[in-house]
Amino acid sequence: MIKIENVNSKKRENIVGYIFAGPSIVGFVLFFVIPFLISIVYCFTQGVGDLQFVGFENFVDLFQNSAFQLAVKNTILFNVISVPLVIVVSLGVTLILNSKIKKASFFRTVLTFPLVIPMASVIFVWQVFFAQTGVVNGILLKLGIVGPDYLQTGWSFFILVFIYVWKNSGYNMIIFLAGLNNIPKEYYEASSIDGCSKTKAFFKITLPLLVPTIFFVFIISIINSLRIYREAYLLSGQYPDSSIYMLQHFMNNNFTNLNYQRLSTASVIVFVFVGLAVYYLFKLQKKYEV
Amino acid sequence: MKEKNKIVSVLEYTVLIIFAFGALFPVIYMVSNSFMGEEEVNAALQNFKFHIIPDCFTMIQYYTILIRKPDFLLRFWNSVILTVPIVIGQIGTSIFGAYAFAKIEFKFKQQIFFMFILLMIMPYQVTLVPIYIIMKKINLVGSYASVILPGIFSTFGVFLMTQFLKSIPDEQCEAAKVDGASHIQILFKIIMPQCRGAVVSLAILSFVDNWNMIEQPLILLGNEKQPLSTFLSQINNNELGMAFACGVMFMMPSIFVFLNGEKQLLQGIQHLDMK
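What counts and what doesn't
- Residues numbered from 1 in each chain as written.
- Chains lettered and ligands numbered in written order.
- Predicted model: local features only at pLDDT ≥ 70, side-chain atom pairs only at ≥ 80, totals over all residues.
- Helix = DSSP H or I, 4+ residues; strand = E, 2+ residues; numbered from the N terminus.
- Rg over C-alpha atoms; globule rule 2.2 N^0.38 Å.
- Buried ≥ 20, exposed ≤ 12 C-beta atoms within 10 Å, placed from the backbone.
- Contact = placed C-beta atoms within 7 Å.
- Axes fitted to C-alpha atoms, helices over the stretch in contact; angles between N-to-C directions.
- Left-handed = near helix turned anticlockwise from the far one by under 90°.
- Nonpolar A, V, L, I, M, F, W, Y, C, P; charged D, E, K, R; others polar.
- Core = buried A, V, L, I, M, F, W, Y, C linked by C-beta atoms within 7 Å.
- Parallel < 35°, antiparallel > 145°, perpendicular 65-115°, else oblique.
- Domains from an automatic or database assignment.
- Expected span 1.5 Å × (residues − 1).
- Bend = angle between axes of the 7 residues up to and from the residue.
- pLDDT = per-residue confidence, 0-100.

Chemist: When you look at the overall build of chain A in this model, what are you seeing that I'm missing?
Modeler: A tally of regular secondary structure across chain A gives 12 helices and two strands. Counting from the amino terminus, helix and strand elements in chain A follow one another as α-β-β-α-α-α-α-α-α-α-α-α-α-α. For chain A, the C-alpha radius of gyration of 25 Å lies well beyond 19 Å, the compact-globule estimate for 290 residues. Seen through its C-alpha atoms, chain A measures out along the principal axes to roughly 80 × 70 × 30 Å. For chain A, the residues scored as buried account for 40% of the 290 residues in total. Long-range contacts, defined as pairs at least 24 residues apart, comprise 74% of the intrachain contacts of chain A with a sequence gap of at least 6.

Chemist: Would you explain the overall build of chain B in this entry?
Modeler: Tallying secondary structure elements over chain B gives 14 helices and zero strands in all. Taken from the N to the C terminus, the helices and strands of chain B come in the order α-α-α-α-α-α-α-α-α-α-α-α-α-α. For chain B, the C-alpha radius of gyration of 24 Å lies well beyond 19 Å, the compact-globule estimate for 275 residues. Dimensions of chain B along its principal axes, counting C-alpha atoms only, are 75 × 70 × 30 Å. Expressed as a percentage of the 275 residues in chain B, the buried residues total 47%. Contacts in chain B between residues far apart in sequence, at least 24 positions, make up 77% of those at least 6 positions apart.

Chemist: What is the right way to read the packing of helix α5 (residues 119-130) of chain A against helix α14 (residues 240-270) of chain B from this model?
Modeler: When two helices pack together, their arrangement is given by the angle between the helix axes and the distance between those axes. Where α5(A) contacts α14(B), the two axes come as close as 7 Å, and the packing angle between them is 145°. The element α5(A) and its partner α14(B) pack so that their crossing is left-handed. On α14(B), the residues touching Ala120(A), Ser121(A), Phe124(A) and Val128(A) of α5(A) are Leu240(B), Ala243(B), Phe244(B), Gly247(B), Phe250(B) and Met251(B). Here the residues of the contact of α5(A) with α14(B) sort into eight nonpolar, two polar and no charged.

Chemist: What's the story with the environment of Val141(B) in this structure? I'm lost.
Modeler: Residues and elements named next belong to chain B. Looking at where Val 141 falls in the secondary structure, it is placed in the loop between α6 (124-137) and α7 (144-152). Under the C-beta neighbour-count criterion, Val 141 is labelled partly exposed, with 18 such atoms within 10 Å. As for Val 141 and Ile 131, which are separated by 10 residues in sequence, their C-alpha atoms are 9.6 Å apart.

Chemist: Sorry if this is basic, but what is going on with the nonpolar core here?
Modeler: Nonpolar side chains in soluble globular proteins tend to end up buried together. Leu160(A), Tyr99(B), Met161(B), Ile204(B) and Cys246(B) are the most contacted members of the largest nonpolar core, which totals 156 residues. In terms of residue count, α14(B) provides more of this core than any other element does, 15 residues in total. Non-local contacts of Cys246(B), meaning those with residues more than four positions away in its chain, are made with Ile65(B), Phe72(B), Leu232(B) and Ile235(B).

Chemist: Explain the interface of chain B and chain A to me, please; I cannot follow it from the model alone.
Modeler: Interface size, as often reported, equals the accessible area lost upon joining of the parts. With 78 residues of chain B in contact, the opposing surface of chain A contributes 74 residues. Considered class by class, the residues forming the side of chain B that touches chain A number 55 nonpolar, 15 polar and eight charged.

Chemist: Is there a simple way to explain the packing of helix α4 (residues 70-103) of chain B against α7(B) in this structure?
Modeler: All names here are of chain B. At a minimum axis separation of 8 Å, α4 and α7 run at an interaxial angle of 30°. Judged by the angle between their axes, α4 and α7 are roughly parallel. Handedness of the α4/α7 crossing: right-handed. Residues Ile 81, Leu 82, Pro 85, Ile 86, Gly 89, Gln 90 and Thr 93 of α4 form the contact with α7, whose own contacting residues are Tyr 144, Val 147, Ile 148, Gly 151 and Ile 152. Of the residues belonging to the contact of α4 with α7, the class tally is eight nonpolar, four polar and no charged.

Chemist: Could you clarify how one ought to interpret the domain arrangement of chain A in this entry?
Modeler: As assigned here, chain A comprises domain 1 (1-43) and domain 2 (57-288). Contacts between domain 1 of chain A and domain 2 of chain A engage four residues on the former and seven residues on the latter.

Chemist: Sorry if this is basic, but what is going on with unusual backbone geometry here?
Modeler: Generally, phi is negative for residues other than glycine and the peptide bonds are trans, each holding for most cases. All names here are of chain B. In the Ramachandran plot, Phe 108 falls in the positive-phi region, its phi being about 65° despite a non-glycine side chain. Residue position: Phe 108 is located in the loop between α4 and α5 (109-121). We classify Phe 108 as partly exposed; it has 13 C-beta atoms within 10 Å. Despite not being glycine, Asn 139 has its phi angle at roughly 60°, a positive value. Position of Asn 139 among the secondary structure elements: in the loop between α6 and α7. Its 9 C-beta neighbours within 10 Å are what place Asn 139 among the exposed residues.

Chemist: Even after reading the chapter, I still don't get α14(B), so can you show me in this structure?
Modeler: Count 3.6 residues to each turn of an α-helix, and residues three or four apart come out pointing the same way. Spanning 31 residues, α14(B) covers only 38 Å between terminal C-alpha atoms, well under the ideal 45 Å at 1.5 Å per step. Along α14(B), the sharpest kink reaches roughly 80°, centred on Gly261(B).

Chemist: Help me understand the confidence of the model for chain B, please; the structure alone is not making it clear to me.
Modeler: Low-pLDDT portions of the prediction should not be read for the details of their coordinates. With 94% of its residues at a pLDDT of 70 or more, chain B has an overall mean of 82. Here the prediction assigns the complex a pTM of 0.85, and the interface score ipTM is 0.83.

Chemist: Which parts of the structure should I look at to understand the environment of Gly261(B)?
Modeler: All names here are of chain B. Tracing the backbone shows Gly 261 in helix α14. In sequence terms Gly 261 and His 271 are 10 residues apart; their C-alpha atoms lie 16 Å from each other. Once residues lying within four places of it in the same chain are set aside, the contact partners of Gly 261 are Val 200 and Ile 204.

Put into structure tokens, the structure is as follows:
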């Protein structure tokens, strides 16, 4: 009798669980899972209306497409440069903020501010600064250097890196602060009694215990860096300098001519790539977890 | 030793002040420039000039965008129409979903939650294609709904709230269950009062993200339905003064939300661990 009741209550929990999670699951299935499955079909077919199976032809075409190659190259390059940079900068600032500094909460507020500032607004300031006759070139001119129109050249890439760091440091800083607060103070007391220097304490205590946080910040930073199109678009529109031609530019240009096959193939490739990257990162994290 | 400490702390403050200045500077520059006439802004731009204090203070730009050019208000309204339903809808689905994922045991829970996280991580390059395909199939491309619906069901909200609800002890729910409370009662009487901070934090993050949306409207909406975020980028360079004023108006709601909920926002982000 008791057993039956148990089974029943388990069944009921199942149903209740699905009722509560229902709306989000239905939305997830309707707006992502089903259409994603459709786009997988597009990946392996060609033609409109009456679809023909073509195997991996779409993938081969895409990999040979020079615009796609450029977009992938830029996206990867951007990740490789900006992600470590933003981690180092935000960790550095966090460590300073955490070192018993006065007015720490004021600085924290100010430094997280860029997180909420709409990029569409401040982009005008960057444009004025980096224009041909802008402020930066004004300073250079005083030193006798004639600067370029930065946004029309490869400098765009570095401006984009700068904007990325400007925007995302605050976010990472908050996560790092939480991570640092989770490290028991006793560890530092013990190490200072043992005569450990602060530098040594950082490398022997702080850094190892911060590894999970760093991993998490790393993943967040990659996610944000894959969304840099937003800033790139605001900075230079649909057709920017080739140094900041990102994957989303490629996608947008293909949306205009509604090339479903190519769009689907690209989206599935990015999905697999990001999925694998995150999977291995998590695996790596488990290995290093204390 | 003391001497050295002093040098270090001076250095630390210097670094912090530089960063703080860097964080605030664009906003200050923009606000101050929005109170200049068009000629003044342009003159500065054409002469390599760093120009932050208005020569002659004027509200003309605000007058232009608020009264003379209805375009701006129209776009502002578009932004509101797109953002507000997403934020409200997302909070609703997230609270219920999060309760299920954090406090109820059901089949395939872990697997579904994992897929939610996976989707959350995916950039627009992945998600927009399926969304476009389905919107085309149900004939919604070009309507506000094509942006709003996927926005409501973005899995980020469920994830954030779940992480937060996990930090509320299960014993509280168990005790209520023993007293005969239903799940709905537990959610509204026990959980909700404790997760106001998390809801505020989700509201801010969702608002800021959607207020700034670029990718979705560019692909899914026609020209006259574009929100302020994409419209701003199309302002002509010789209307920079007006652009500054628009930019200031555009960031007002974000700043307002931030200043009123900073504490909750910080707590919310700190809960964003993927354990």
